[in-house]
Amino acid sequence: MQSIKVKSPATLSNLCCGFDILGMALNEPYDIIELIKKEETGIRIQHLDAYNLPLDPQQNIAGVALQAMMTALDYKQGFDLIIEKKIKPGSGIGSSAASAAGIVVAANELLGKPFNKQQLISFAMEGEVLASGSRHADNLAPCIYGGLVLIRDTPTLDIIELKTPPLFITIVHPQIEIKTSYAREILPKEILLKSAVIQWANVAGLVAGFLHADYKLISRSLQDVIVEPVRSKLIPGFNEVKHNCMNAGALGGGISGSGPSLFMLSENESTAILVENEMKAVYDKLGIDYKTYISTVAQHGVEVVI
Ligand code: HSE
């Protein structure tokens with residue numbers, strides 16, 4: 001095989017209470033990444049999108065992740081990368097993870113699968129570090145595994161795949177910029193024990209709710225008393241979107257990853273559409289451009305398309 005094309009999904013991380021430890025793969029949107037072996041050494045990158053991402057492999061998330069894998073293999077030849085990003089960078093729905101995870105899965109397939117999923121995440125993590133300056137796997141792990149995952153321990157990549165009942169995810173991406181590095185810097189370094197108790201009770205409740213298909217428990221547990229109060233101040237319309245979407249029947253939701261996208265989970269598609277209308281109404285009123293998506297949970301992570 002000389003070339004391969006993969007589809008790399010957007011992901012929802014944190015899921016309110018599960019900061020840095022819960023993530024879910026989405027069917028919409030996704031990036032398309034093509035990887036072609038070449039005789040000469042080095043990585044050459046072409047972007048088919050209009051996001052002006054760096055083409056220097058050392059500054060490009062996919063380039064850095066691929067280089068990490070090539071170094072581990074002592075791979076001497078080179079690659080051409082053709083990337084079409086449909087997940088807007090900086091959206092909060094795992095755009096950097098889709099680049100990093102997509103490229104390492106593609107290269108692994110092309111080279112006869114020398115690495116397992118955990119190893120692929122550790123290479124892709126180099127891309128995530130370039131993007132945000134921190135090592136978190138809550139977008140990378142669902143992007144590679146698919147479905148809903150718990151990262152029980154990030155340094156050892158102890159990843160647990162969880163089941164979900166049918167869910168519809170509505171996302172609004174207000175077109176404002178929030179850098180993940182900044183959204184992490186502003187978080188408290190220490191928290192009160194009483195906040196921690198509420199948070200870990202909700203994480204346990206949320207996981208139990210997913211496993212038992214208990215929508216009411218999912219709804220009660222989609223709460224974040226630690227990160228959301230700080231980050232929501234960066235997102236105009238946050239409180240109104242949340243309030244109106246809950247009134248429209250959403251189970252709950254909040255900030256997607258580090259924002260600015262907001263997400264809401266719904267039990268059925270008709271509610272997800274009502275929720276989308278509420279999101280649109282808020283940003284139309286505020287005069288802020290936005291993009292919305294309605295997705296289901298992607299059961300597969302990065303997939304080969306050719
Ligand atoms: N868990 C991360 C955060 C996701 O919230 O900062 C951002 O990529």
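Residues numbered from 1 in each chain as written. Predicted model: local features only at pLDDT ≥ 70, side-chain atom pairs only at ≥ 80, totals over all residues. Heavy atoms only, no water.

Let us look at the pairing of strand 7 (residues 168–174). Among the 7 residues of strand 7, 7 are classified as buried, and the element is accordingly described as predominantly covered. Here strand 7 shows no split at all, with Phe168, Thr170, Val172 and Pro174 on one side and Ile169, Ile171 and His173 on the other all buried. The pairing of strand 7 with strand 9 (residues 262–266) spans 5 bridges and is antiparallel. Residue phenylalanine 168 lies in a different strand from strand 9, and its bridge partner there is serine 266. (Buried < 20%, exposed > 50% of the residue type's maximum accessible area, 1.4 Å probe, protein only. Helix = DSSP H or I, 4+ residues; strand = E, 2+ residues; numbered from the N terminus. Pairing = 2+ DSSP bridges.)

A few words now on the domain arrangement of the protein. The assigned domain composition of the protein is domain 1 (3–162 + 299–304) and domain 2 (168–296). If you average the C-alpha positions of domain 1 and of domain 2, the two centres end up 24 Å apart. In this assembly, 28 residues from domain 1 lie in contact with 36 residues from domain 2. Summing both sides of the interface, domain 1 and domain 2 together bury roughly 2400 Å²; the carbon and sulfur share of this comes to 66%. If you sort the residues of domain 1 by the area they bury against domain 2, Cys16, Cys17 and Phe19 come out on top, with a joint share of 26%. At the boundary of domain 1 with domain 2, the tally comes to 1 salt bridge. (Domains from an automatic or database assignment. Contact = heavy atoms within 4.5 Å. Buried area = accessible area lost by both parts, 1.4 Å probe. Salt bridge = Lys/Arg side-chain N within 4 Å of Asp/Glu carboxyl O.)

Right, let's talk about the nonpolar core for a bit. Membership of the largest hydrophobic core comes to 42 residues, with the highest contact counts inside it found for Leu35, Leu66, Leu81, Ile103, Val104 and Ile121. Ranked by the residues each element gives to this core, the list is headed by helix 2 (residues 95–110), at 9 residues. For isoleucine 103, the contacting residues outside a window of four places in its chain are Ile33, Leu35, Ala62, Ala65, Leu66 and Leu81. (Core = buried A, V, L, I, M, F, W, Y, C linked by side-chain atoms within 4.5 Å.)

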